[in-house]
Amino acid sequence: MELISVSMLLAVAMIAVVYRLFLYYREKSSSVNPFKYDTRTPIRPKMIDQKQRDAVLKQGFVEYKVPENLDAIVIGSGIGGMSVAALLAKANKTVLILEQHEKAGGCCHTFTDSGYEFDVGIHYIGDLAHGSVSRTLVDQITQGQLQWEPLDDVFDEAIIAEKDHKPRRYPVMGGRGRWESDLIKKFPGEAENITRFFRVMQEVSDGSSRAMMVKLLPLWLVGILQFTGLIHYITTFYKWNAKTFKEVIWDMIKTQELRDILCYSYGNFGTPPSKAGFPMQALVHSLFIKAGGAYPVGGASEIPFNIIPVVEATGGKVLVKAEVSKTLTVSTGRTVGVQVKKGDDQVMVAAPLVISDAGLFNTMERLLPKSVASTSRLWPIVQSQPHAAACLSVFVGINRPAEKLANIIHRRNAWVYTANDIDKQITEYLHMSRVEAMKADVPLLFVAFPSTKDPEWQKRYPGKTTMTLLTMMPYEWMEEWEACEDEEYDSVKKAFGHKAIQLACYLFPDIRDHIDYINIRTPVSKRKYLGSAKGEIYGLDHTRDRYSLRNNALLRPDTDIPGLYLTGQDVCSCGFTGAIYGGLLCASSVLQRNLISDLTSLHKRIEADKKQQ
C-alpha cells in the first residue's frame, strides 16, 4: 500500500467523483426533488377510532382498487417499502404497495387483543432527536405528523442475573461521554482501555457513511479500490470489519464482566459478537449513545398510518391481503409487474418497475423465476450467506397501571443475561437441539414495558400495562410446524414462553399476580405474519462476510435484473434506521438523483430557520 503514488490516489478519487456526478445529475432536470420543500404540517390530534384507522391500514386488495398507469410496485409494507414509496410519491410518482398480511406496516404494525395493544418490532429507535438528519427524513415522509417520545436518560440496562446471585445492573445512558464515564467509575482499572474503546468506536462510526459509498460506485471501481487498498484511505470501516467484535473487545478489555457489558445489545442486530464484525456493534452503540432512544407517540402503527396518506396523495395505494406469488418477467429477463394471489385466482398487475421489500432470500428464491435469479450477481450471496437470527416473542398484558408496579422499568429496556461470557452462552444455546434447549436456562432476555414509553397509552388503555419479552430461537426448532400448528406446537412454545416469563417475574416481582394475557409467537409465527423466509427478523445475517467490501457493494438497490430494485434491511442494515436508509438509497437509484445531498440540503435549511426564530 505504501508504494501507491499520490497521483494514483487522486486519479481514482477523481474517477469516483466524476462518476457520482454523472450518475446523479445526468437526469436531475427531469427528476423531481422530493426534498425541495419542507412538507411538515401542523400536528393534528391523534386518530384513536379503530374503524377509521383500519380504513387506512387495512385496505384489502381488490383488482379495481389498483391505480392505473403505475410508475412502480413495491412488494411489502415494512418501513423500507413505505419509505421508498413515500419518496417516489413526493417526486410525483404513482406507487402501489402490496402487503401479504391483513394490515400494513410490516414490523411497524401493532395488534390488539383482549383489550391490550402490542408493537411487534419497534421497541426503541436511535438518532431521532430533533436536529438529526434521520429525524428530518422521517418528518418529510410523514408530513411531520409522527411524534417521538424520548426514552429515559438511561435507555437500557444490562443485567447479569446468575442463579443464586443478586442481579447486577449496569445502566446505559445517552449523551456523548456519559456511558464511558460511568463505566470508568465502575471499572477504574480498565479506564485507559475503556477510553480507547470509545475512541475507536467513534472512528468507525464516523467512517460508516463513507463505507456505504461503495453502493453508489460502479463495481469495476469498487474492484480497483479493493485491489489497490485505496478503500482504506477513504474509510477504516473495512479494516475493522476484518475483525469480529469479540476479537477486538477481548484484546482491548481484560475484565470479562466489562466485555459482556460492551457486547450487551448485540440482539439489536441478532449476530453474536464472535460472528459480527466490529463495526456492526460499534454503529449500534454510536446510534443510541449519541442522543438516547425514542418511541413513536401513539404506538408503532402511527408510522404506517402517517406514511400512507403521502403515498396516496399522488394516486398511489397501499393494499393488504395481497400476497405476491411471483414477479412477472419477459423473455429478456426484464421485470414488468407481479402476480398477486387472490383466493384461488392469480391477478396480474403491471408496472415498469418492481421494488422488493420482501428481503433478498424471498426475492431471489421465491419471487423470481430460478432461470433469472440464478444468473444474477446476487445469487452467490443468497447461496452463501446465512439467514439472520429468529426469535421467540412473548407479549404480556398486565391488569394494573404502571405507576402501581413499583419495581418495573419505565421508558427503558433491560437486556438480561443469566451467566457471564454472553457470547459463549448464546453460541452454545443456539447449537442445542430443541429438546436440550427446553431444559436449559434462557441465555438472553430482552424486557420492555412499551406502554410506559408512550405518553398517549393511558388515554387508550387506562389501568393497563404491557410487557414484551424477546429471546433468540432458531427456526429449525419449530420448523416441523411450518404448515400446521397443533397441540404439540402449542405445548412447546408455552414451555419456552413461560421460562421467559418466570425470569421476568424474578426480576420484576410486582407483575407476577397481575398477568392476565399472554401471547407467545415463534419463528413460525414470524414467517406467517411478516413473510420472512425462516422467521428471521433482520434479513441477511450481519456477519463480517455480509459486510465485506465486495458483498456490501453488491447489496445495492439497483440489481442486474432490469426493472427490479431492492429496498429495506438487506440494502443497508437492519432495524428501522437501516431499512429507512435502504428506502432512501433505493429512491435515489430509481430517480437517478442524489437524494442524500437533497435531504442534507433541506435539513440544513430547516436547522438554519430554527436558529433565526
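Residues numbered from 1 in each chain as written. Predicted model: local features only at pLDDT ≥ 70, side-chain atom pairs only at ≥ 80, totals over all residues. Heavy atoms only, no water.

Engineer: Sorry if this is basic, but what is going on with the side chain of Gln385 here?
Structural biologist: Relative to the elements of secondary structure, Gln385 occurs in the loop between α17 (379-384) and β15 (391-398). By relative accessible area, Gln385 is classed as buried at 6%. A polar side-chain atom of Gln385 sits 2.4 Å from a polar atom in the side chain of Asp545. Once residues within four sequence positions are removed from consideration, Gln385 is found in contact with Phe361, Leu540, Thr543, Asp545, Arg546 and Asn551. (Helix = DSSP H or I, 4+ residues; strand = E, 2+ residues; numbered from the N terminus. Buried < 20%, exposed > 50% of the residue type's maximum accessible area, 1.4 Å probe, protein only. Polar contact = N/O pair within 3.5 Å; in protein donor to acceptor, adjacent residues only side chain to side chain. Contact = heavy atoms within 4.5 Å.)

Engineer: Honestly, the state of the cysteines in this entry has me stumped. Any pointers?
Structural biologist: In a disulfide, the sulfur atoms of two cysteines are covalently bonded to one another. The tally for this structure, following the rule as stated, stands at zero disulfides. For the unlinked cysteine Cys107, the closest cysteine sulfur is that of Cys108, found at 7.1 Å. Assessed through its relative accessible area of 31%, Cys107 is described here as partly exposed. (Disulfide = S-S within 2.5 Å.)

Engineer: Even after reading the chapter, I still don't get helix α22 (residues 523-530), so can you show me in this structure?
Structural biologist: At 3.6 residues per turn, the α-helix brings residues three or four places apart onto the same side. Along α22, the positions that sit buried rather than exposed are Pro523, Val524, Ser525 and Lys526. Next to the buried residues of α22 lie β15, α21 (487-507) and β19 (515-521). Just beyond α22, the residue with positive phi is Gly531, at close to 75°.

Engineer: Explain the sheet that holds strand β12 (residues 335-342) to me, please; I cannot follow it from the model alone.
Structural biologist: Strand pairing in a sheet relies on backbone hydrogen bonds, with the paired strands running either antiparallel or parallel. As summarised here, the arrangement of the three strands in space is β11-β12-β13, forming an open sheet in which the pairing is antiparallel. Every other strand in the sheet has two partners, leaving β11 (323-329) and β13 (345-350) as the edge strands with one partner each. In this sheet, neighbouring strand axes are inclined to one another by 30° on average, regardless of whether the strands run parallel or antiparallel. (Pairing = 2+ DSSP bridges. Axes fitted to C-alpha atoms, helices over the stretch in contact; angles between N-to-C directions.)

Engineer: What exactly am I supposed to notice about the sheet that holds strand β8 (residues 168-173) here?
Structural biologist: Pairing within the open sheet is mixed, and its seven strands lie in the order β8-β7-β16-β17-β18-β15-β19. Only two strands of the sheet have a single partner each, and these edge strands are β8 and β19. Strand-to-strand twist in this sheet, taken as the mean axis angle between neighbours without regard to direction, amounts to 20°. Note: strand β17 (residues 444-448) against strand β18 (residues 465-472), three bridges, orientation antiparallel.

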